[in-house]
Amino acid sequence: MAEAADIQGTGPSAARPWLRRTAALIAGAPLLTALLQFPAPQTADAAGQASAKAASGSRTVAIALDSLSPAVPGEGDTLTVSGTVTNKGKQAITDAHVDLRLGPELTTRSGIDSVSQRTDYVPGTDGTEVDDADGQEFAKLTPGVAQPFSVSVPVDDLDLGDSGVYQLGVSLSGETSAQPWEQVLGIQRTFLPWQPDEADTTTKTTVLWPVMATSHMTAETGSNEQQTPVFSDDDLAQEISAGGRLEQLVSLGSSLDVTWVIDPDLLASVDAMTGGYDIQGEGDTTVPGTHQAVAKKWLAQLQRAVTGEEVVALPFGDPDLASLAHNGTNVNGSLSHLKAATDVATTTVRSVLHVTPSTDFAWPVNGAVDPSIVKVATSAGADKVIARSDSLEETSGLPYTPSAARPIGGGTTAVVADSRMSTAFQGDLTKASTTTLAVQRFLAQSLALNLQTNKQRSIVVAPQRMPTPSQARALAEAVTALQDGTWTQAQDLTAAAEAKPDPAATTKVPSRSSYPSSLRKGELPRATFEQVATTQDKLDHFKVILTDETRVVTPFGRAINREMSTSWRGRASEAAIFRAGVESYLDDLTDQVRLIDKSETKLSGRSATIPVTVQNNLVQGVDHLVLRLTSTSPTRLEIGGNAYSEVPVTVSGGHSQSVKFTTSANANGRVTVVAQLFTEDGQAYGEPVTFDVKVTEVTATVMLVIGGGVLLLVLAGFRMYTQRKRAAARRAAEREADGTDATDGADDESTGDPRNPEDPADRHTQESGVRAGAGDPEQPSDPGPDTATESPDPSGTGERVDR
């Protein structure tokens, strides 16, 4: 941030401690007595040497400031600073005492930065000891042992001047056996914001309070009517439980006047947990989740917290806008996912939190922007981009920090968050000492910003997306002190974006080459968006056959949004596993609708039907499918009178259906047939099934020969029958003419065969008699059986089709 006259001032009171330390140095070092004989102008060299010695020993003791109360003191308050001192040297320190040092007023924001970066003690620059402070003394500090301290002083005794930011130091002075004179052996600096009265002009400050998490919900759902969601783990339950990160975020934010920035994916995931949910186990197993009550409690807590506050909903899953702009725009369909994620954001937040959110804001990672990011960010309908001042830098030479709103062209407004205040709570803040320093520096920057000009401005604070519990506590402590202070007033993000822009502020978006290389290294690669496109193509192909596509489209659509999430930065392997899991599960569902394999089919006739079975193992029915059966040799085997035939297919959930195709054989032999499912738009669905049909066709000539043979056998039998009838009639007539009665027949029967062997008819009858009686051997003229004798052998492996 460009500022005028960024020069840190010094106070005239630095001489007293310098003289004291110089005298001690001279008293303890006789070899330096000759310095007293030098003329007065040369005492500056001695002062420099003393300063160097003081600085060299100022790291011997580590000082931790665990608390500073009040953070923003007023008239009549007592300032108390407490913490610990630790001797990091190898020698014991004697005659030690802790002192407060009030430094000069810091008139610029960059001056605050400079003080924060210094580590050594610099006489004069680090101010003078506060005489009226109730300090603490230590007879001895043993190496490696931490000792607590507490120093108090009435604020009125500090003789603070006008409103401003003052450097406040806590130092430890003492002696060692190697250096037996009093010297500063350690110092820690912080800042004291001083604005005792209400400021004439206050700064309107917007603080974003992000509530987001990494993805835990998979694309998988149960096959029941409720479609029980499946989570990859139960870590989200830990975050929303008492003491968890998300539980603390909501608890801390509920007492602040902030703008809530929420990822709808988190709301949808916790809302899904309120009912039954499962967790992936070993292999393909799942185990029931048990934190329904925790989920309900957290959502109720969040609902109360956001009541009356502004809620900004990011696109579902918080897509990585920079990765999309740099690596995904050339992949077909990538931008459409951003639009879908934005469209579902409003309905998700409204249904879960019962508030209507703003979806006009896009938030790139760390507020870093370039023209391509702005273009992608606004492609889904957002007309405001949350940037940061270390990206959209102020280059116009303004001596103050301008308001956040900047028109950047095309009807788009960049809401530029202040980088110093937005990054104040990064890093490890688990120690009370680091938290105290971060809070005081944040407050100092805010007050210094307000004192830059008498113009009222709108400032935005956009912290990291997913602060740790300690970072969130530090931010909440700072915001509480700020909102209880006298120089700021809270403001919603929408109001900050609509505030009148400073006409002198820079509005030029930095070039793409200016995008930080450190952020570019963490971007989602092009392969991510290519896999997303592949999964989407498979989903589009699958959904057209479903009778209720919402059961599949909704969970997979949200899973695809999660694949593009900003939360995958720095977690490349986990991101790849998640994407592979989504695609694999979609493949498994697609394979639930398939053709049953067939073995070789025997076709013994000129025409027959061939059945092909379609199996649907999905819960819901499938439709809009066409089954095609194709003959690879239509000259031998025709299907439906052509080379192939198609039949529409509809199969209920959990059922199979056999589709029969009429075939016509033209020649004997083996023909390969291919069965394939197609969608109604002509796209192949699933794997084809290939099988052989063995044709054993009987020709017309053979049928005529067989028919002629059967006719001849019938005629021969008829002739023999008539001949026997005539012979029997002739014998009866001869007996009647000879006067033979029935007894003759009896005599004949007793004496032998009554038939005349000389009679040709009788002779023929006699010769064939052994084959004529019931139970006698078969007669040559008898007709053959209608069917062949059943074979006791097992049937062949081929499938015999319906005729």
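Residues numbered from 1 in each chain as written. Predicted model: local features only at pLDDT ≥ 70, side-chain atom pairs only at ≥ 80, totals over all residues. Heavy atoms only, no water.

Chemist: What am I meant to see in the packing of aromatic side chains here?
Modeler: What characterises a pair of aromatic rings is the spacing of the ring centres plus the angle enclosed by the ring planes. The full count for this structure, using the stated rule, is four aromatic pairs. Each ring, one from F425 and one from F442, has its centre 5.3 Å from the other, and the planes form 45 degrees; the classification is tilted. With F425 in the loop between α11 (419–422) and α12 (432–450) and F442 in helix α12, this pair connects stretches of sequence that are 17 residues apart. Since its relative accessible area comes to 2%, F425 is described here as buried. Here F442 falls in the buried class, since its relative accessible area comes to 1%. Lying over the aromatic face of F691, K598 brings its terminal NZ or CZ to 5.2 Å of the ring centre. One residue, R628, lies across the ring of Y644, its end atom 4.8 Å from the ring centre. (Phe/Tyr/Trp six-rings, centres within 6.5 Å; stacked < 30°, edge-to-face > 60°. Helix = DSSP H or I, 4+ residues; strand = E, 2+ residues; numbered from the N terminus. Buried < 20%, exposed > 50% of the residue type's maximum accessible area, 1.4 Å probe, protein only. Lys NZ or Arg CZ within 6 Å of the ring centre and 35° of its normal.)

Chemist: How do you make sense of the nonpolar core when you look at a structure like this?
Modeler: Residues F542, F556, L627 and L629 are the most contacted members of the largest nonpolar core, which totals 74 residues. Per-element accounting of this core gives the leading share, six residues, to helix α18 (residues 572–590). The residues touching L629, leaving out its near neighbours within four places in the chain, are I610, V612, I639, A643, Y644, S645, F661, V673, V674, A675 and F691. F191, I240, I279 and L299 belong to the second-largest nonpolar core, a separate cluster that totals 66 residues. (Core = buried A, V, L, I, M, F, W, Y, C linked by side-chain atoms within 4.5 Å. Contact = heavy atoms within 4.5 Å.)

Chemist: Looking at this structure, how should I read a negative patch on the surface?
Modeler: Taken together, the side chains of E75, D132, D156, D157, D159, D197 and E198 define an acidic patch exposed on the protein surface. Among the structural elements, D156 can be located in the loop between β6 (146–154) and β7 (164–175). Taking the relative accessible area as the measure of exposure, D156 reaches 48% and is therefore partly exposed. (Patch = residues over 30% accessible without salt bridge, like charges linked within 9 Å, V, L, I, M, F, W, Y side chains within 5 Å. Areas by Shrake-Rupley, 256 points an atom, 1.4 Å probe, with all protein chains shown as cover. Salt bridge = Lys/Arg side-chain N within 4 Å of Asp/Glu carboxyl O. Lys, Arg positive; Asp, Glu negative; His and termini not counted. Charge placed at Lys NZ, Arg CZ, Asp CG, Glu CD.)

Chemist: In this structure, what is going on with the pairing of strand β2 (residues 78–87)? I would like to understand it.
Modeler: Within a regular strand, the side chains alternate between the two sheet faces. Among the ten residues of β2, seven are classified as buried, and the element is accordingly described as predominantly covered. Summarising the sheet, strand β1 (residues 61–69) and β2 pair through eight bridges and their orientation is antiparallel. Looking across to β2, one finds that I63 is bridged to V85. As judged from the nine bridges shared by β2 and β6, these two strands associate in the antiparallel manner. What sits directly across from T86, in β6, is A146. (Pairing = 2+ DSSP bridges.)

Chemist: How should I be thinking about the sheet that holds strand β24 (residues 607–616) in this particular structure?
Modeler: In a beta sheet, neighbouring strands are held together by backbone hydrogen bonds and run either parallel or antiparallel to one another. Across the sheet, four strands lie side by side as β22-β24-β28-β26; this open sheet has antiparallel pairing. The strands lining the two open edges of the sheet, one partner per strand, are β22 (593–595) and β26 (637–639). Between one strand axis and the next, the sheet turns through 35 degrees on average, direction left out of account. As judged from the three bridges shared by β22 and β24, these two strands associate in the antiparallel manner. (Axes fitted to C-alpha atoms, helices over the stretch in contact; angles between N-to-C directions.)

Chemist: What is the right way to read the confidence of the model for the protein chain from this model?
Modeler: Close inspection of predicted coordinates is inappropriate for parts of the model with low pLDDT. Taken residue by residue, the protein chain gives an average pLDDT of 85. The fraction at 70 or more is 83%. Here residues 1–56 scores under 50 on pLDDT; set against residues more than four positions off or in separate chains, the count is 66 contacts. Scored below 50 in pLDDT, residues 740–803 shows 59 contacts in the model against residues more than four places distant or in partner chains. (pLDDT = per-residue confidence, 0-100.)

Chemist: Explain the pattern of salt bridges to me, please; I cannot follow it from the model alone.
Modeler: A side chain of one charge can pair with a side chain of the opposite charge when the charged atoms of the two come close. As enumerated under the stated definition, the model contains 23 salt bridges in all. For the salt bridge of D540 with K543, the shortest nitrogen-to-oxygen distance reads 3.6 Å. A residue pair is termed a helical-turn pair when its members lie 3 or 4 positions apart in one helix, as D540 and K543 do in helix α16 (residues 526–543) at three residues. R670 is the salt-bridge partner of E600, the closest N and O atoms lying 2.8 Å from each other. Of the two residues, E600 sits in the loop between β22 and β23 (601–603) while R670 sits in strand β29 (residues 669–679), which places them 70 residues apart along the sequence. Judged by relative accessible area, E600 falls into the partly exposed class, the value being 24%. Within the structure, one salt-bridge network assembled from shared partners comprises D113, R420 and R441.

Chemist: Explain the pairing of strand β9 (residues 203–211) here, please?
Modeler: The element β9 is extensively covered by neighbouring structure, given that eight of its nine residues are classed as buried. Of the pairings in the sheet, the one linking β9 to strand β21 (residues 488–490) comprises three bridges and is parallel in character. Across the sheet, T203 pairs through a bridge with T488, a residue of β21. In this sheet, strand β20 (residues 458–461) lies alongside β9 in parallel orientation, the contact comprising four bridges. When the bridges of β20 are listed, T206 appears paired with V460.

Chemist: Would you mind showing me how to read the side chain of S110 here?
Modeler: By the element assignment, S110 lies in helix α3 (residues 109–117). In this structure S110 comes out as buried when scored by relative accessible area, which is 17%. Separated by 3.4 Å, the side chains of S110 and T108 make a polar contact. (Polar contact = N/O pair within 3.5 Å; in protein donor to acceptor, adjacent residues only side chain to side chain.)

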